[in-house]
Amino acid sequence: MSDVKMRIWRGDKDGGEFENYSLKPQEGEVVLDVIHRIQATEAPDLACRWNCKAGKCGSCSAEINGKPRLLCMTRMDQLPEGEEVTVTPMRAFPIIRDLVSDVSYNFEKARQVPAFLPPPRPEGGYRMSQADVERGQEFRQCIECFMCQDVCHVIRDHEENKTNYAGPRLFIRYAELEMHPLDTNDRRDLVRDKMGLGMCNITKCCTEVCPEHIKITDNAIIPLKERVVDADFDPVAWLGRKILRRTKRTPAEASVQPEA
Amino acid sequence: MTTTENSATRVDNSSTPVILGGARGGPDVTTMRTDRWWLAPVITVAILGSFVIYATWAAFVNKDYYVGANMHRDLISPFYSPCLTQSCVATGAANKAVFSWWTISPALLILIFPLGFRMTCYYYRRSYYRSFWWAPPACSVADSHKSYSGESRFPLIMQNVHRYFWYFGLVFNVLLTYDAVMAFRTPGDGGIGVTIGTMVLCLNATLLWGYSLSCHACRHLCGGQVRSFSKHPIRYKFWKFVTPLNAKHMQFAWVSLFVVALTDVYVRLVASGTITDFKLF
């Protein structure tokens with residue numbers, strides 16, 4: 001087998017460049033193993049965030065040959081043999097150093113999600129059927145690798161949209177809450193007006209890169225869009241609400257969360 | 001049942017500022033992808049472009065869309081069904097026309113609805129945003145627009161009418177199913193039979209039902225919009241029925257597009273006398 005040729009982005013907020021490394025191949029390696037070998041031999045100062053090495057912590061997100069992937073879950077033998085492997089940090093977020101980017105944007109957006117707000121607790125506790133539990137279970141598999149946020153062109157190519165766009169990772173959180181039978185918040189106006197649901201043009205890149213195979217677009221974003229249509233764009237639904245005297249909650253009521 | 005008070009109070013936290021800016025890592029290039037990411041958009045442009053060109057020609061040509069009693073077959077092209085206009089020959093008598101004021105090709109009146117259904121379809125939106133609009137052309141390839149507002153403003157905010165086109169689509173499915181059933185007749189002979197044309201029309205109607213039932217709006221209206229499945233067991237059953245179909249929506253979208261064009265081609269070839277509609281039994 002020929003040597004493994006790695007081309008890794010080195011730099012920080014002041015700029016950077018690619019550096020090339022060449023190593024002997026080892027059977028069964030993932031890209032993170034190769035990065036660790038480079039750290040152990042040629043570049044001990046190479047920065048790389050990682051933790052579980054099992055595809056469950058979401059720490060080692062980066063871009064391999066231009067595609068967002070987990071370094072720990074990408075086997076070297078899945079990549080074109082004999083060709084250079086390019087590793088860069090996630091493009092949508094500010095860089096800290098080398099392969100480590102600042103993902104705090106996502107946590108700021110997570111803080112803006114109006115939290116789960118159940119009705120007063122009945123005697124004997126809350127009850128949920130298995131069908132309702134299973135519906136939200138898919139969304140709970142998210143490991144917060146933020147690759148869906150990274151690949152989303154709404155913020156990847158348009159920094160100015162970050163103010164008013166929650167992104168796919170938070171849309172699955174909104175969807176999970178909206179589909180929760182015990183939640184009393186109505187977030188439809190919020191996701192439309194302040195979280196930029198309308199900016200998503202459903203190109204499904206988030207679904208393509210999700211390492212947990214969550215159907216982000218089909219099961220979260222499109223159902224959210226349809227709920228927004230119910231609320232704001234469907235005259236028959238509007239008439240139904242009028243006849244049945246079911247009023248939609250106001251944006252002010254939707255923009256709330258319980259105290260910690 | 002008694003209840004205890006919920007201690008949660010409502011606090012507005014939606015205005016937490018997001019810090020923007022900061023130098024990004026990696027080189028300033030359109031993409032670092034090394035695979036053939038451009039292939040899918042090129043194929044999509046070729047197929048959708050070909051369909052649009054063919055459908056436009058077929059809609060304007062205004063002939064050879066009906067095989068009638070003189071050929072002992074009852075076949076009508078899906079582009080021209082239902083035949084409700086003054087100019088449509090399949091009604092047999094012009095005075096039966098519902099839209100008597102419409103004197104040009106009837107297809108132009110009809111195609112608005114299936115075209116609108118497909119144009120606002122979530123799957124086709126994905127396809128043409130990527131391939132025609134390059135927003136983005138492929139995942140992690142930079143889009144070609146300086147600013148971007150997606151479907152949040154006019155005109156793209158009109159994509160939200162998709163469910164209404166879906167309702168119209170259901171009406172057309174019923175009509176095309178009726179056409180498929182009528183295709184079993186052999187007018188002039190007074191009997192029934194199965195021809196290649198019958199099979200083609202049946203296949204077309206079946207795939208269009210598949211495309212409509214797998215639609216995301218259908219899935220939502222069937223049961224997706226409820227908060228609690230357990231309180232709506234019948235809607236939950238509907239939702240469970242259409243959810244596996246929804247997973248195949250892309251396949252239904254492409255295959256039904258091919259077959260609707262194929263059906264028009266077949267009826268056109270038979271009506272013009274180029275081929276004979278072979279009778280199976």
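Whatever comes next refers back to the structure up there.
Cut-offs applied
- Residues numbered from 1 in each chain as written.
- Chains lettered and ligands numbered in written order.
- Predicted model: local features only at pLDDT ≥ 70, side-chain atom pairs only at ≥ 80, totals over all residues.
- Heavy atoms only, no water.
- Helix = DSSP H or I, 4+ residues; strand = E, 2+ residues; numbered from the N terminus.
- Contact = heavy atoms within 4.5 Å.
- Areas by Shrake-Rupley, 256 points an atom, 1.4 Å probe, with all protein chains shown as cover.
- Patch = residues over 30% accessible without salt bridge, like charges linked within 9 Å, V, L, I, M, F, W, Y side chains within 5 Å.
- Salt bridge = Lys/Arg side-chain N within 4 Å of Asp/Glu carboxyl O.
- Buried < 20%, exposed > 50% of the residue type's maximum accessible area, 1.4 Å probe, protein only.
- Phe/Tyr/Trp six-rings, centres within 6.5 Å; stacked < 30°, edge-to-face > 60°.
- Core = buried A, V, L, I, M, F, W, Y, C linked by side-chain atoms within 4.5 Å.
- Domains from an automatic or database assignment.

### A word on the overall build of chain A
Counting its regular elements, chain A contains 11 helices and 8 strands. Each principal axis of the C-alpha distribution contributes one length, and for chain A these read about 70 × 40 × 35 Å. Here the analysis covers contacts within chain A between residues at least 6 apart in sequence; of these, 64% occur between residues at least 24 apart. Surface summary for chain A: the accessible area is close to 11,300 Å², and the carbon and sulfur share equals 49%.

### Describing a nonpolar patch on the surface
On the surface, Ile196, Met199, Phe278, Leu280 and Phe281 of chain B cluster together into a nonpolar patch covering about 530 Å² of accessible area. Accessibility expressed as a relative area gives 53% for Phe278 of chain B, which makes it exposed.

### Overview of the packing of aromatic side chains
Where two aromatic rings form a pair, the distance of their centres and the angle of their planes describe that pair. Residues and elements named next belong to chain B. Tallied over the full model, the rule gives 22 aromatic pairs over all chains. For the ring pair Tyr65 and Tyr80, a centre distance of 3.9 Å and an interplane angle of 0 degrees mean the geometry is stacked. In this pair, Tyr65 is assigned in the loop between α1 (39–61) and β2 (66–67) and Tyr80 in the loop between β3 (75–76) and α2 (107–110), connecting sequence segments 15 residues apart. Accessibility classification places Tyr65 together with Tyr80 in one group, the buried group. Summarising the aromatic geometry, the rings of Tyr124 and Tyr211 are spaced 6.2 Å apart at their centres and angled 75 degrees between planes, so their arrangement reads as edge-to-face. Here Tyr124 is found in helix α4 (residues 122–131), whereas its partner Tyr211 is found in helix α6 (residues 196–213), with 87 residues between them in sequence. Take Tyr124: its relative accessible area is 3%, and that puts it in the buried class. Here a set of aromatic residues connected by ring pairs shows up, and it is made of Phe117, Tyr123, Tyr124, Tyr211 and Trp254.

### Some thoughts on the nonpolar core
Counting 72 residues, the largest nonpolar core has Met6, Leu71 and Tyr174 of chain A as its most contacted members. There are two domains that each give this core at least three residues, and those are domain 1 (4–101) and domain 2 (104–243) of chain A. Ignoring sequence-local partners within four residues, the contact set of Tyr174 of chain A consists of Gln112, Val113, Pro114, Ala166, Arg187, Leu190, Val191, Met195 and Leu224 of chain A. Listed in part, the 37 residues of the second largest apolar core include Phe51, Ala58, Val242 and Trp254 of chain B.

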